Amino acid sequence: MNKVVIIGSGCAGWTAALYTARANLEPLVLMGCQPGGLLTTTSIVENFPGFPEGIDGCELMTRMQNQAKRFGAMSGFGTVEGVNFKKYPFELTVDGELVRAETVIIATGASHKHLSVPGEEKLETKGVTYCATCDGALPIFRNKPLVVVGGGDSACEEALYLTRFGSEVFLVHRRDSLRASRIMAERVHAHKTIKPIWDSVVTEILDLRHDAVTGVRLKNLKTNAERILECAGVFIAIGHMPNTGIFKGQVEMDDNGFILRKHGSATSVPGVFVAGDCSDHVYRQAITAAGMGCAAAIDAERFLAARNE
Ligand code: NAP
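Residues numbered from 1 in each chain as written. Predicted model: local features only at pLDDT ≥ 70, side-chain atom pairs only at ≥ 80, totals over all residues. Heavy atoms only, no water.

1. Looking at the side chain of E91
Position of E91 relative to the elements: it lies in strand 7 (residues 90–94). A distance of 3.4 Å separates the side chain of E91 from the side chain of K87, its partner in a polar contact. Every residue in contact with E91, bar those within four places of it in the chain, is listed here: G82, V83, N84, L98, V99 and R100. (Helix = DSSP H or I, 4+ residues; strand = E, 2+ residues; numbered from the N terminus. Polar contact = N/O pair within 3.5 Å; in protein donor to acceptor, adjacent residues only side chain to side chain. Contact = heavy atoms within 4.5 Å.)

2. Let's talk about the site of the ligand
Surveying the vicinity of the ligand reveals 20 residues, the closest of which are D153, S154, R174, R175 and R179. D153 places a side-chain nitrogen or oxygen 2.6 Å from an oxygen atom of the ligand. Relative to its unbound accessible area of 920 Å², the ligand is 80% covered by the protein chains. In terms of residue class, the shell around the ligand is made up of four nonpolar, nine polar and seven charged. Taken together, domain 1 (2–111 + 240–307) and domain 2 (114–236) each give at least three residues to the shell around the ligand, which thus spans both. (Near = heavy atom within 4 Å. Areas by Shrake-Rupley, 256 points an atom, 1.4 Å probe, with all protein chains shown as cover. Nonpolar A, V, L, I, M, F, W, Y, C, P; charged D, E, K, R; others polar. Domains from an automatic or database assignment.)

3. Some remarks on the pairing of strand 16 (residues 226–230)
Pairing of strand 15 (residues 215–220) with strand 16 involves five bridges; the strand directions are antiparallel. Directly across from K219, in strand 16, lies its bridge partner E226. Connecting strand 15 to the next strand, strand 16, in antiparallel fashion are five residues, including N224 with a positive phi near 70°. (Pairing = 2+ DSSP bridges.)

4. Here's the deal with the domain arrangement of the chain
Under the domain assignment used here, the chain contains domain 1 (2–111 + 240–307) and domain 2 (114–236). Domain 1 puts six residues into the contact, and the matching count from domain 2 is seven residues. Put simply, domain 1 and domain 2 have one salt bridge between them. Classifying every residue of the side of domain 1 that touches domain 2 gives one nonpolar, four polar and one charged. (Salt bridge = Lys/Arg side-chain N within 4 Å of Asp/Glu carboxyl O.)

Right, dumping it as structure tokens:
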């Protein structure tokens, strides 16, 4: 029997693990299919306090993991396939095996949103990608025109990173101003290689006949004019959706699948707590996820203490 099982191994999960491990609760972290979470797909993290020069996303996650393990946190590579929060102790099915827990901290984070346009799915890994840091340096993108879709911090970060490799980087955004923070927007506007294409959406990714990305079909939302823009890569950075599918019917969520918090990190099920991007569509920062992980750990510790009184 586990006192604490933490589902997810991003900033929220490892911070919850650090705190519960230091409270001698021997947490088990189920790392899932993307150990380290979304931060491992980013480049330099400049806004995590304590790292004035910035820190590589993967390195930050490795450090968090090492810090939690130093105090006895355990980890497993398992993927949680289902949960039963209607029973107590709670039951989780992890790669076909049953895992029982007195408390659960959900820290499953979020995944990249898809455009859902023709060509996107079939050309994934053939020029369509959701991570410039992971794929930008590939030979197929070198000295070629590249397209980034989106207008937030992620899209700006992707575009700036891709200026190292692409001949031109077209930033396609559906409005005429960026959603990104001012500092990121200013960097994008100042970069000669980045060419914004405003008020426009990608309606198709070409070309399935070549089994590779050769361009995108663009539609201007103000004029309805369509055109084809040649490119070798499409980097989609239009936000995220919470990874909460396995909790449907088990804990209360909003219409978009974000898990609702009652007070602190408590969910609708006593003993089940939540932290990070799977419950937060407002702040969505590494540091806020870490803070929520800390809160969930403290709440889980207090829940266990109250039960044992
Ligand atoms: P975001 O802020 O939600 O931005 C998503 C962008 O994609 C928006 O510009 C949105 O357009 C556009 N979009 C959404 N759906 C679309 C669709 N179907 N077709 C075309 N465009 C679409 O997401 P994010 O950029 O991933 O950032 C998420 C959070 O992480 C934010 O809080 C951000 O500050 C943070 N973040 C920070 C950094 C950093 O500080 N270095 C880096 C990355 C992310 P509209 O603007 O019209 O809605």
